[in-house]
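# Understanding the architecture of this molecule
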Amino acid sequence: MSRAIPRTYWVAGTAVLLALLFAAAATVAAAGGSGAPAPRTEPRTPGLHSADAGFARDMSVHHQQAVEMSFIVRDRTQDEAVRTLAYDIANTQANQRGMMLGWLDLWGLPKVVAGEPPMSWMGSSAGHGGHAGHGPAKPGALMPGMATKEELEQLGAASGRDAEVLFLQLMADHHKGGVTMAEGCAQRCVTPVERELAQGMVDAQRSEITLMEDMLKQRGATPRG
């Protein structure tokens, strides 16, 4: 699976550069205002355990699995609708992942924090599966909606309609978990451009969930959850 992967990583790398340029432009624009000299203030940089940094780290991992599943199903079916959806998801989420990793670089923060439980930036409002009141997940636990190793192996072994149905079910679950996380950032993150990205994820992934549910129905199947 193959020749499309380098292209996706190229897209992600380009997104890192764009994120850096966009952040710099936003800082200049914020300082410009109405033409009067603005007071010189240092831009606020998110802290190591802030919602901004935590979301960027966690969602980058979450997105990477979506890219992986999309490449798997692309090679397991010839159905044009499923292959097109998988291609769109892979490119969109690789691009967004590159932006988030670029912000972490811009903020001088690590992409991985040893011992930090997934979703800890959301406090007590979400944990494994995105259910309220369960607290952050334990270290090593899966984030909301993520497929297990066994499910990924099952997808890689399937073909034709079976692969299409399993991919649509897994990705619908994955998107639902992603929406939970993105809503958390839209509410908690303080960096405007990151909040906008998170809200865009909410809107786009909800739309794709509806599409995938329709595609499952066309194949005589239903969502798992």
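Fair warning: this is a prediction, and the values are worked out from it, not measured in the lab. Sequence order as written defines residue numbering, which begins from 1 separately in each chain. The predicted origin of the model limits local features to residues at a pLDDT of at least 70 and limits the giving and counting of side-chain atom pairs to 80 or more, whereas totals for whole chains, interfaces and linings rest on all residues. Heavy atoms throughout the structure, all of them, feed into the side-chain values; hydrogens and water do not.

To continue, consider helix H6 (residues 192–218). Numbering of helices and strands runs from the N terminus; a helix is a DSSP stretch of H or I covering at least four residues, while a strand is a stretch of E covering at least two. Multiplying 1.5 Å by the residue count of a helix minus one yields the expected span of that helix. When the terminal C-alpha atoms of H6 are compared, their 39 Å separation across 27 residues agrees well with the 39 Å that a helix rising 1.5 Å per residue should span. Restricting attention to buried positions, one finds in H6 the residues Val193, Glu194, Leu197, Ala198, Met201, Val202, Gln205, Ile209, Met212, Met215 and Leu216. A positive backbone phi angle near 70 degrees is found at Gly220, which sits one or two residues after H6. Exposure is judged per residue with a 1.4 Å probe applied to protein chains only, and the accessible area is read against the type maximum: over 50% gives exposed, under 20% gives buried, and values in between give partly exposed.

Cysteine sulfurs are considered disulfide-paired once they come within 2.5 Å of each other. As enumerated under the stated definition, the model contains one disulfide in all. A sulfur-sulfur separation of 2.2 Å characterises the disulfide bridge that pairs Cys185 with Cys189. Between Cys185 and Cys189 the sulfur-sulfur dihedral comes to about -120 degrees; the bridge is accordingly left-handed. We classify Cys185 as buried; its relative accessible area is 0%. Take Cys189: its relative accessible area is 3%, and that puts it in the buried class.

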